[in-house]
Amino acid sequence: MTTVNFGNAVHLAGRPESAGSPAARYHPVPSVALGRRLWPDNAITSAPRWLSTDLRDGNQSLANPMTPDRKMAMFDLLVRMGYREIEVGFPVASQDDFAFVRRLIEGDLIPDDVRISVLVQARDELIRRTVESLEGAPRATIHLYNATSPLFRRVVFGMNRDECKDLAVQGTRLVMKYADKLLGGCDLGFEYSPELFNDTELEFSLEVCEAVMDVWRPAAGREIILNFPTTVERSLPNVFADQIEWLNRHLSRRRHVCLSIHPHNDRGTGVASAEMGLLAGAQRVEGCLFGNGERAGNVCLVTLGLNMLTHGVDPGIDFSDLDGVRRTVEYCNELTVHPRHPYGGDLVYTAFSGSHQDAIKKGFDALEHAAGEAGIPAGDLPWEMPYLPLDPRDVGRTYEAVVRINSQSGKGGVAYIMSAWHGMHLPRELQIDFVRVVQERADAEGGEITADRIRALFDREYVEYALLPIPLVFTGDRVTVDLHIDGERFDVGGARSESMRRVRGALARWDVDVRAVHRTTGAHIAARDEDARAVVYAECRVNGRTIWGAGADRDVETASLSAVRSAVTRARLEAAPVTRQRGAGGASPQVGEAEVIDIRAPRPAAPGDGRPAMAGR
Ligand SMILES: CC(=O)SCCNC(=O)CCNC(=O)[C@H](O)C(C)(C)COP(=O)(O)OP(=O)(O)OC[C@H]1O[C@@H](n2cnc3c(N)ncnc32)[C@H](O)[C@@H]1OP(=O)(O)O
Ligand SMILES: CC(C)C(=O)C(=O)O
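Worth saying up front: this structure is predicted, and the values here are computed from it rather than measured.

Engineer: I'd like to hear about the overall build of the chain, residue by residue, with values.
Structural biologist: In terms of helices and strands, the chain carries 17 helices and 15 strands. Within the chain, buried positions represent 42% of all 617 residues. Nonlocal contacts in the chain, meaning residues at least 24 apart in sequence, comprise 68% of its contacts between residues at least 6 apart.

Here is the structure:
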């Protein structure tokens, strides 16, 4: 073995120098003399057999073990998701555990393709009672365990190797004896786990398993599950993989053995251990949904399954309503799932930061474009999306939350919100203009700005000017433009269809250049007024500055004129003061009335010029 040494030893403050680092008190798990290891060159190409131990290892680790109702909800969920091997409890642990197994059997609640299993220690009375719990079951597995590691042999059991092996052997005999007596007609499976396998001498684990197999006598149609737990995860995952490959090479009767693994997560590498264990020859994985379980948990079945899915391997488990799964798991365990939990956490499909949002927005645009070109739904195309390893829709999420806005966000994110939530595709220059408004707000307030709030900011900034006293008035299918610019009055009336051209021409005379009119059309536009089918963004050059306005309407012409009107009004308000020339007191015009404004004349500083109050602007 080649060792890697980065030479970064440090002295920890607070410890006497003579004590050195606490690292001196620990030692790594010895590496395995494997020769040429094969697992690094392997790939996972199909799903293993899964066993959920939520109702056993998961349940035994809870402060409040599941009530019968919570157990039932978990069982139903596991069945619905497609788990076919379910460890339903430790029947001798409590009356509740025993009763739950009885309820499943007597209530005929176990689907034909589901096999329940129960765990028991290698103790006579406990085995008898455990077997009793299964009476009447059409099929079931008894799972026997005893600790085999040197520490446990010495400290917990006070046994030598032979005594330890004998415990496993006697336990297996007792399972067979009581099953013969009580479980006639049951298709009985048997599983044995050398607990603390990862800390047990490899050849001793093998010796115990061989002795157990000598008793059970696996053969065609009589499999044995040998399950190898990292009861307390202590090694790097590659060391665990070496251990599994070593066993895979050395176990006898290999065809009749289902080589199973049961990783825990004490080092935070439970998933890596499981995956490398599979590369090394494991055929079955035991774990819990969202990684519940003793201490730092059992390996997370959700992460493992979806890791496979995102490699193009069908896990054989239904994750299509992952939020529903999470809610049930949270209810059953009375524990919340961390918002950063892979695949299932609240925040794992969400980007707050600008460059991530920009890339995601471009990714969605590219996907839509490719779908349009190919003439197929975007959901049928390969998923290639910056920063999102999984299509949120594949686990029942929507695209709405993939971007959320705060002070870390940029134009791409704001544009995404406007398009995904409100169906409005802002032109790039308008994105740049608008993000300043949003950023000012985010800086002023801190925290997140919701999609609705962003829309309100947009309307207030670019659309609501159209509601102010205006220079353009629409009456029926005619338009009237009534502007005073540089003291000259321009008035045009005409057909609506001609209006944009006429307005452009009119405004150009006064150095208002309507440069471009961009539009978003389509039934999906979630404009404020539900009837709106078009949103138009007008880019105008006024007094040497680019000013944007927007308008929404059922009718594109009307929306376009509204957009120009907003832009001109904004220009008036932002760059050049106003001279009101209409009605005493400057009252708002009625529908159909034209207001006369001069976009170049000086604007009085007094409040009440018609601009809506905008806190914080
Ligand atoms: C890694 C795992 O997750 S293993 C599963 C662990 N799960 C549980 O323990 C939950 C259910 N357990 C229980 O409810 C209880 O421990 C019971 C009912 C099984 C036993 O309770 P008690 O009889 O009071 O025993 P308790 O658990 O305190 O003592 C353990 C005894 O069993 C022995 N023991 C522990 N594990 C095993 C085993 N696998 N096989 C045989 N004996 C064992 C211990 O050496 C100890 O023996 P001692 O009393 O001679 O020192
Ligand atoms: C009983 C065994 C499989 C166990 O739960 C463990 O070792 O973690």
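Engineer: Just give me the short version of the site of ligand 1, but keep the residues and values in it.
Structural biologist: Taken together, 17 residues lie around ligand 1, and Phe 90, Ala 93, Gln 121, Ala 122 and Asn 146 are the ones closest in. When residues of the shell around ligand 1 are traced back to their parent elements, those giving at least two are α1 (54–60), β4 (139–147) and α5 (150–157).

Engineer: Describe in detail the environment of Glu 125, supporting the description with residues and values.
Structural biologist: Mapped onto the secondary structure, Glu 125 falls in helix α4 (residues 124–133). Judged by C-beta crowding, with 9 C-beta atoms within 10 Å, Glu 125 ranks as exposed. Taking the C-alpha atoms as reference, Glu 125 lies 9.5 Å from Val 92; in sequence the two are 33 residues apart.

Engineer: So what's going on with the packing of helix α13 (residues 411–420) against helix α15 (residues 451–463)? Which residues, and what values?
Structural biologist: When two helices pack together, their arrangement is captured by the angle between the axes and the distance separating the axes. Put simply, α13 and α15 touch, their axes get as near as 10 Å, and they point 95° apart. One way to sum up the angle between α13 and α15 is to call them roughly perpendicular. For the pair formed by α13 and α15, the contact residues are Val 414, Ile 417 and Met 418 on the first element and Ala 451, Ile 454 and Phe 458 on the second. Class assignment for the residues of the contact of α13 with α15 results in 6 nonpolar, no polar and no charged.

Engineer: Talk me through unusual backbone geometry; I want residue IDs and the actual numbers.
Structural biologist: One non-glycine residue with positive phi stands out, namely Asp 108, at about 55°. For Asp 108, a count of 9 C-beta atoms within 10 Å puts it in the exposed group. Positive phi is not limited to glycine here, since Arg 253 has a value of about 50°. Counting through the fold element by element, Arg 253 comes out in the loop between α8 (237–250) and β7 (257–263). A residue is classified by how many C-beta atoms lie within 10 Å of it, and Arg 253, with 17 of them, is partly exposed.

Engineer: Outline the site of ligand 2, supporting the account with residue identities and numerical values.
Structural biologist: Neighbouring ligand 2 are the residues Asp 57, Leu 119, Tyr 145, Ser 193, Glu 195, Asn 227, Pro 229, Thr 231, His 262 and His 264. Contributing elements (two or more residues each) for the shell around ligand 2: β5 (187–195) and β6 (224–230).

Engineer: Which residues make up the environment of Arg 327, and what values do they have?
Structural biologist: Within the secondary structure layout, Arg 327 lies in helix α11 (residues 322–333). On the basis of neighbour counts, which here come to 13 C-beta atoms within 10 Å, the residue Arg 327 falls in the partly exposed class. In this structure, the C-alpha to C-alpha distance between Arg 327 and Val 337, residues 10 residues apart in sequence, is 8.9 Å.

Engineer: Mind laying out the UniProt feature "domain: Pyruvate carboxyltransferase" (unreviewed entry) in the chain, listing which residues take part and the relevant values?
Structural biologist: Mapped onto this numbering, the UniProt entry annotates "domain: Pyruvate carboxyltransferase" (unreviewed entry) at residues 48–323. Between the C-alpha atoms that bound residues 48–323 the distance is 24 Å, and the span itself is 45% helix and 19% strand.

Engineer: Give me the UniProt feature "binding site: Mg(2+)" (unreviewed entry) in the chain: which residues, what numbers.
Structural biologist: In this structure's numbering, the residues bearing the UniProt feature "binding site: Mg(2+)" (unreviewed entry) are Asp 57, His 262, His 264 and Asn 298. A maximum C-alpha distance of 10.3 Å places the annotated residues, which cover 242 residues in sequence, within one compact spot. Locating His 262 in the fold gives a position in strand β7. Exposure remark for His 262: the 28 C-beta atoms within 10 Å place this residue in the buried category. Those residues in contact with His 262, other than ones at most four positions away along the chain, are Ser 193, Asn 227, Phe 228, Pro 229 and Glu 286. Within the fold, Asn 298 resides in the loop between β8 (284–287) and α10 (301–309). Under the C-beta neighbour-count criterion, Asn 298 is labelled buried, with 31 such atoms within 10 Å.

Engineer: Please provide a residue-by-residue account of the confidence of the model for the chain, values included.
Structural biologist: Summary statistics for the chain give a mean pLDDT of 86 and a share of 82% for residues scoring 70 or more. Note that pLDDT drops below 50 for residues 523–529; the model gives that stretch 15 contacts with residues more than four away or on any other chain. Low confidence marks residues 576–617, where pLDDT is under 50. Its contacts with residues over four positions away, or in another chain, come to 61 contacts. Taken over the whole predicted complex, pTM reads 0.86, whereas the ipTM for its chain interfaces reads 0.97.

Engineer: Please give an account of α11 that cites residues and values.
Structural biologist: Across its 12 residues, α11 extends 16 Å between first and last C-alpha, which sits within 8% of the 16 Å expected from 1.5 Å per residue. Taken as a whole, α11 has its buried residues at Leu 322, Val 325, Arg 326, Thr 328, Val 329, Cys 332 and Asn 333. End-on view of α11: buried residues confined to an arc of 165°, all on one side of the axis. Considering only its buried residues, α11 is in contact with α1 and α2 (68–81).

Engineer: Break down helix α9 (residues 270–279) for me, with residues and values.
Structural biologist: Within α9, 10 of the 10 residues are buried, which leaves it mostly tucked inside the rest of the structure. By the burial criterion, the buried members of α9 are Gly 270, Val 271, Ala 272, Ser 273, Ala 274, Glu 275, Met 276, Gly 277, Leu 278 and Leu 279. At its buried positions, α9 is contacted by β6, α8, β7, β8 and α10. Of the residues one or two after α9, Gly 281 is the one with positive phi, at around 125°.

Engineer: Explain the sheet that holds β6 to me, and be specific about the residues and the numbers.
Structural biologist: With respect to topology, 8 strands assemble into a closed barrel ordered β1-β2-β3-β4-β5-β6-β7-β8, the strand pairing being parallel. Across the sheet, the mean angle from the axis of one strand to that of its neighbour is 25°, orientation sign disregarded. Of the strand pairs in this sheet, strand β1 (residues 49–52) and strand β2 (residues 85–89) are connected by 2 bridges, and their pairing is parallel. Considered in β2, the bridge of Leu 51 is made with Glu 85.

Engineer: Which residues make up the nonpolar core, and what values do they have?
Structural biologist: Ranked by internal contacts, the top residues of the largest apolar core, which has 136 residues, are Ala 538 and Cys 540. Contacts of Ala 538, omitting those with residues within four sequence positions, involve Val 514, Val 517, Trp 548, Gly 549, Ser 560, Ala 563, Val 564 and Ala 567.

Engineer: Any details on the pairing of strand β14 (residues 545–553)? Residues and values, ideally.
Structural biologist: The side chains of a regular strand alternate between the sheet's two faces. Counted residue by residue, β14 has 7 buried out of 9 residues, so it is predominantly covered. Of the pairings in the sheet, the one linking strand β13 (residues 534–542) to β14 comprises 9 bridges and is antiparallel in character. Pairing of Val 536 across the sheet is with Gly 551, part of β14. Remark: 2 residues form the turn of the hairpin made by β13 and β14, two consecutive strands paired antiparallel; Asn 543 in that turn has positive phi of roughly 50°.

Reading the values: rules and limits
- Residues numbered from 1 in each chain as written.
- Chains lettered and ligands numbered in written order.
- Predicted model: local features only at pLDDT ≥ 70, side-chain atom pairs only at ≥ 80, totals over all residues.
- Helix = DSSP H or I, 4+ residues; strand = E, 2+ residues; numbered from the N terminus.
- Buried ≥ 20, exposed ≤ 12 C-beta atoms within 10 Å, placed from the backbone.
- Contact = placed C-beta atoms within 7 Å.
- Near = placed C-beta within 6 Å.
- Axes fitted to C-alpha atoms, helices over the stretch in contact; angles between N-to-C directions.
- Parallel < 35°, antiparallel > 145°, perpendicular 65-115°, else oblique.
- Nonpolar A, V, L, I, M, F, W, Y, C, P; charged D, E, K, R; others polar.
- UniProt positions renumbered as here; feature names shortened; annotations may be inferred.
- pLDDT = per-residue confidence, 0-100.
- Expected span 1.5 Å × (residues − 1).
- Arc of directions from axis to C-beta.
- Pairing = 2+ DSSP bridges.
- Core = buried A, V, L, I, M, F, W, Y, C linked by C-beta atoms within 7 Å.

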